[in-house]
Amino acid sequence: QVQLVESGGGLVQAGDSLGLSCVASGRTFSRNAMAWFRQAPGKEREFVAAVTGSGGDTDYVDSVRGRFTISRDNAKNTVSLQMNSLKPEDTAVYYCAAAPPFYTLPRLDRSYQYWGQGTQVTVSS
């Protein structure tokens with residue numbers, strides 16, 4: 001059974017940093033692009049960042065580029081999201097997702113096959 005489990009969310013102040021982690025189990029994902037999405041209250045889920053299976057290529061939504069960094073460790077079957085200079089508008093539930101093998105950095109949530117349960121990030125002003 002495939003599972004993605006996120007951790008690391010919490011309450012921080014604007015300007016602070018926070019790191020999220022997603023551990024995958026049930027199979028290896030070294031050939032799968034993995035991504036982070038987020039959903040704020042009353043809003044649709046939106047793409048945040050993605051990384052290719054090898055970790056060699058990444059993609060970011062403009063609003064987080066330069067502040068967030070996505071990375072992965074295939075030996076540990078994990079993907080991380082380092083978030084710096086957090087803003088109140090970053091407040092959301094953050095979800096980890098895995099695409100089918102060989103997809104290249106999709107931004108559409110329907111392109112992803114597996115999802116975690118989400119972790120709450122709250123940034124106070």
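Residues numbered from 1 in each chain as written. Predicted model: local features only at pLDDT ≥ 70, side-chain atom pairs only at ≥ 80, totals over all residues. Heavy atoms only, no water.

### A short note on the side chain of Thr119
Move 1: Examined against the element boundaries, Thr119 turns out to sit in strand β11 (residues 119-124).
Move 2: Thr119 sits in the buried class, given a relative accessible area of 11%.
Move 3: Reaching out from Thr119, the side chain makes a polar contact with the backbone nitrogen of Gly9 at a distance of 3.2 Å.
Move 4: Excluding anything up to four places from it in sequence, Thr119 contacts Glu6, Ser7, Gly8, Gly9, Leu20, Ala92, Val93 and Tyr94. (Helix = DSSP H or I, 4+ residues; strand = E, 2+ residues; numbered from the N terminus. Buried < 20%, exposed > 50% of the residue type's maximum accessible area, 1.4 Å probe, protein only. Polar contact = N/O pair within 3.5 Å; in protein donor to acceptor, adjacent residues only side chain to side chain. Contact = heavy atoms within 4.5 Å.)

### Focus on the pattern of salt bridges
Move 1: Counting across every chain of the model gives seven salt bridges.
Move 2: The salt bridge involving Arg38 is made with Glu46; its shortest N-O contact spans 2.6 Å.
Move 3: Looking at Arg38, the relative accessible area reads 5%, which means it is buried.
Move 4: Looking at Glu46, the relative accessible area reads 31%, which means it is partly exposed.
Move 5: As a salt-bridge pair, Asp90 and Arg38 come within 2.9 Å of each other at their nearest N and O atoms. Taken together, the residues span a long stretch of sequence, with Asp90 in the loop between β8 (78-83) and β9 (92-101) and Arg38 in strand β4 (residues 32-39) at a distance of 52 residues.
Move 6: Connected through salt bridges with shared partners, the residues Arg38, Glu46, Arg67 and Asp90 form a single ionic network. (Salt bridge = Lys/Arg side-chain N within 4 Å of Asp/Glu carboxyl O.)

### Some remarks on the packing of aromatic side chains
Move 1: The tally for this structure, following the rule as stated, stands at five aromatic pairs.
Move 2: Ring centres of Phe29 and Tyr114 lie 5.8 Å apart, and the angle between their planes is 80 degrees; this geometry places the pair in the edge-to-face category. Here Phe29, found in the loop between β3 (18-25) and β4, pairs with Tyr114, found in strand β10 (residues 114-115); they are 85 residues apart in sequence, far enough to count as distant.
Move 3: Arranged with centres 5.0 Å apart and planes meeting at 55 degrees, the rings of Phe37 and Trp115 form a pair that is tilted. Residue Phe37 is located in strand β4, and its partner Trp115 is located in strand β10; the two are separated by 78 residues in the primary sequence.
Move 4: Here Trp115 falls in the partly exposed class, since its relative accessible area comes to 26%.
Move 5: In textbook terms, an aromatic cluster arises when at least three aromatic residues are bridged by ring pairs, as seen for Phe37, Phe47, Tyr112 and Trp115.
Move 6: In this structure, Arg27 packs its charged tip against the face of Phe29, placed 4.8 Å from the ring centre. (Phe/Tyr/Trp six-rings, centres within 6.5 Å; stacked < 30°, edge-to-face > 60°. Lys NZ or Arg CZ within 6 Å of the ring centre and 35° of its normal.)

### Overview of the nonpolar core
A general tendency of soluble globular proteins is for nonpolar side chains to be buried together.
Move 1: Counting residues in each nonpolar core, the largest one holds 37 residues, and the members touching the most others are Trp36, Leu81, Met83 and Tyr94.
Move 2: Put simply, the parts of the chain that give this core at least two residues each are β3, β4, β5 (46-51), β7 (68-73), β8, β9 and β11.
Move 3: With six residues, the top contributor of residues to this core is β9.
Move 4: Leave out the neighbours within four places in its chain, and Tyr94 touches Glu6, Leu20, Trp36, Phe37, Arg38, Val48, Phe68, Leu81, Met83, Gly118, Thr119 and Val121. (Core = buried A, V, L, I, M, F, W, Y, C linked by side-chain atoms within 4.5 Å.)

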